[in-house]
2 protein chains.
Amino acid sequence: MNRCDPLDWIRVVLCTTTHPGNIGAAARALKTMGLCKLYLVNPRYFPHPDATAMAAGAADVLDRAIICASLEEALAGTVKAIGCSARRRDLPLRVLNFRDAASELIQETTSGEVAVVYGTEMSGLTNNELSLCRELAYLPANPSYSSLNLAHAVQVMAYELRMALPDIETMATKTYEAASFEEIELLFRHFEEKMIAVGFLNPQNPKRLMQRLRRLFARTQLEKLEVNILRGFLNAIKEENTGGTTL
Amino acid sequence: MNRCDPLDWIRVVLCTTTHPGNIGAAARALKTMGLCKLYLVNPRYFPHPDATAMAAGAADVLDRAIICASLEEALAGTVKAIGCSARRRDLPLRVLNFRDAASELIQETTSGEVAVVYGTEMSGLTNNELSLCRELAYLPANPSYSSLNLAHAVQVMAYELRMALPDIETMATKTYEAASFEEIELLFRHFEEKMIAVGFLNPQNPKRLMQRLRRLFARTQLEKLEVNILRGFLNAIKEENTGGTTL
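A short tour of the structure in this document, coming up. (Residues numbered from 1 in each chain as written. Chains lettered and ligands numbered in written order. Predicted model: local features only at pLDDT ≥ 70, side-chain atom pairs only at ≥ 80, totals over all residues. Heavy atoms only, no water.)

Once that is clear, we can look at the overall build of chain A. When you go through chain A residue by residue, the secondary structure sums to eleven helices and seven strands. Taken over 247 residues, chain A has a buried fraction of 54%. When the accessible surface of chain A is totalled, it reaches about 11400 Å², and 51% of it is carbon and sulfur. (Helix = DSSP H or I, 4+ residues; strand = E, 2+ residues; numbered from the N terminus. Buried < 20%, exposed > 50% of the residue type's maximum accessible area, 1.4 Å probe, protein only. Areas by Shrake-Rupley, 256 points an atom, 1.4 Å probe, with all protein chains shown as cover.)

Given below as structure tokens:
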């Protein structure tokens with residue numbers, strides 16, 4: 001176990017799962033987000049070919065899944081457990097949304113192992129199971145149809161856990177060289193000149209054409225390369241050939 | 001269509017989906033988050049009993065799914081399309097993570113319909129498909145196993161879209177009319193045609209000129225008026241006068 005990776009300190013616990021395909025799909029969901037600890041409390045069928053098929057490249061997560069006879073057993077040694085639900089429930093538990101719950105769980109891994117707990121497919125966590133959890137994580141869903149597939153709910157929480165990692169690189173960074181103010185001004189002058197040359201812009205009655213063009217490019221943070229492309233194109237428009245009848 | 005619900009203005013487009021079960025699971029994922037517009041570009045099998053079974057209570061989303069012969073057809077009338085990928089790709093497109101992309105899409109629904117686009121299961125979006133998208137949404141995943149199930153990736157984006165819903169009152173009001181997908185595509189074709197005509201673009205050796213231009217304008221959210229200005233200028237460049245020596 002890598003002390004440095006908070007995701008290694010998170011158990012995902014599935015209680016009395018009915019469809020083995022969901023167990024496999026959950027394993028895959030976990031692995032795609034960098035989680036690896038799957039606990040199964042009294043799965044109805046496991047191991048099962050459907051679980052293996054749905055796990056795709058996450059067979060290792062499935063192979064290392066720990067099967068428990070009770071939720072108590074699955075939570076043994078953890079410092080915090082959060083139950084997941086797509087329904088609001090009238091229970092004396094603190095309720096957080098998935099995002100805040102994920103953030104708390106990641107924080108809490110500095111103290112020890114933590115757990116995210118899911119109930120059975122049809123009805124979710126029982127009140128008994130929830131009583132073993134410290135908090136309820138609530139997934140904001142369509143009030144008129146909140147029935148997420150179990151593995152999908154696992155995917156969303158795993159995603160939020162990964163997003164909550166302190167040093168996660170969430171964005172690809174590309175470094176392009178921005179055009180300078182002067183380069184952009186020269187581009188505008190070039191546009192204006194060619195628009196006049198081809199008879200599109202009448203300098204006696206310019207309307208608001210150049211302002212519109214400025215506004216458009218003001219939104220883009222033009223790059224040097226792009227300015228060069230546009231000016232190359234403008235250069236290629238030959239003035240002697242285009243007449244410039246309005247000049 | 002309820003003008004007040006931004007989710008009604010979002011199309012989820014699945015390109016050449018291989019497994020019909022994924023289509024059904026995606027429909028269910030959408031409905032749980034309050035989305036309802038599913039577009040299918042050349043699905044391998046549809047309708048199909050697996051799709052119906054996996055849709056569970058979201059049969060209505062499946063029944064209303066729109067089947068298209070091309071991605072262009074699916075994007076017709078949209079003002080913005082974002083392609084989804086769990087891989088980083090070396091492409092001249094702006095890259096955002098799912099969360100930021102969802103936030104932008106919700107904002108953009110004030111201008112018109114927007115689209116989230118997914119490629120086929122095994123390999124994701126092709127470069128051609130991506131070239132029709134304005135941005136790439138990147139799902140931060142485990143670098144050593146980033147292969148999310150298609151419907152799971154749909155679930156995560158749908159969840160982020162729901163999470164990005166603002167209070168309706170705080171939505172930005174736009175006073176400009178956004179250009180549509182078709183208008184922008186025509187603009188690109190017009191640019192290409194004139195760049196060839198004036199000898200700036202060699203169709204035998206186009207390099208990456210058009211991709212660069214697409215990337216530039218992908219960042220701007222072009223307005224109808226701006227497209228008209230640019231096309232007016234392009235129109236004014238007379239081909240018979242410019243020689244078009246490379247043609």
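Next comes the rest of the account.
Moving on, we come to the packing of helix α1 (residues 20-32) of chain A against helix α7 (residues 150-163) of chain A. All names here are of chain A. Orientation of α1 relative to α7, taken along the N-to-C sense of each, is 15°, at an axis distance of 8 Å. Between α1 and α7, the angle is such that the two are roughly parallel. In this structure, the crossing between α1 and α7 has a hand that is right-handed. For the pair α1 and α7, the contacting residues are Asn22, Ala25, Ala26, Ala29, Leu30 and Thr32 in the first and Leu150, Ala151, Val154, Gln155 and Ala158 in the second. Among the residues making up the contact of α1 with α7, the classes are represented as eight nonpolar, three polar and no charged. (Axes fitted to C-alpha atoms, helices over the stretch in contact; angles between N-to-C directions. Parallel < 35°, antiparallel > 145°, perpendicular 65-115°, else oblique. Left-handed = near helix turned anticlockwise from the far one by under 90°. Contact = heavy atoms within 4.5 Å. Nonpolar A, V, L, I, M, F, W, Y, C, P; charged D, E, K, R; others polar.)

Residue and element names in this part refer to chain A. Cis geometry is found at the peptide bond from Phe46 to Pro47, where omega equals -5°. Mapped onto the elements, Pro47 comes out in the loop between β2 (37-41) and α2 (49-55). Of note, the phi angle at Asn42 is positive, near 45°, even though the residue is not glycine. Within the secondary structure, Asn42 is located in the loop between β2 and α2.

This part is about the interface of chain A and chain B. Between chain A and chain B, the residue contacts involve 67 residues of the former and 70 residues of the latter. The contact between chain A and chain B buries some 5800 Å² in all, and 63% of this surface belongs to carbon and sulfur atoms. Looking only at chain A, the three residues that lose the most surface to chain B are Tyr145(A), His152(A) and Phe233(A), adding up to 12% of its buried area. Our count for the chain A to chain B interface comes out at six salt bridges. Between the two partners, chain A and chain B, sit 22 residue pairs in polar contact (both at pLDDT 80 or more). Among the elements of the structure, α1, α5 (98-108), α7, α8 (181-197), α9 (209-218), α10 (224-236) and α11 (239-242) of chain A are those that each provide at least two residues to the side of chain A that touches chain B. Looking at side-chain class alone, the side of chain A that touches chain B contains 36 nonpolar, 17 polar and 14 charged residues. (Buried area = accessible area lost by both parts, 1.4 Å probe. Salt bridge = Lys/Arg side-chain N within 4 Å of Asp/Glu carboxyl O. Polar contact = N/O pair within 3.5 Å; in protein donor to acceptor, adjacent residues only side chain to side chain.)

Bringing the pattern of salt bridges into the picture now. All names here are of chain A. What the rule picks out here adds up to 26 salt bridges over all chains. For Asp60, the salt bridge is made with Lys31, and the minimal N-O distance between the two is 3.2 Å. One end of the pair, Asp60, is in helix α3 (residues 59-63); the other, Lys31, is in helix α1, and 29 residues separate them in sequence. With a shortest N-O distance of 2.9 Å, Glu185 and Arg214 are connected by a salt bridge. A residue pair is termed long-range when its members are at least 10 positions apart, and Glu185 in helix α8 and Arg214 in helix α9 qualify at 29 residues. Given the relative accessible area of 18%, Glu185 is considered buried.

Take the pairing of strand β1 (residues 10-15) of chain B next. Residue and element names in this part refer to chain B. Here β1 lies mainly inside the structure; six of its six residues are buried. Going residue by residue along β1, you find Ile10, Val12 and Leu14 tucked away on one face and Arg11, Val13 and Cys15 tucked away on the opposite face as well. For β1 and strand β6 (residues 113-118), the ladder comprises five bridges, and the chain directions are parallel. When the sheet's bridge partners are listed, Arg11 is paired in β6 with Ala115. Looking at chain direction, β1 and strand β2 (residues 37-41) are connected through five bridges and run parallel. Considered in β2, the bridge of Arg11 is made with Lys37. (Pairing = 2+ DSSP bridges.)

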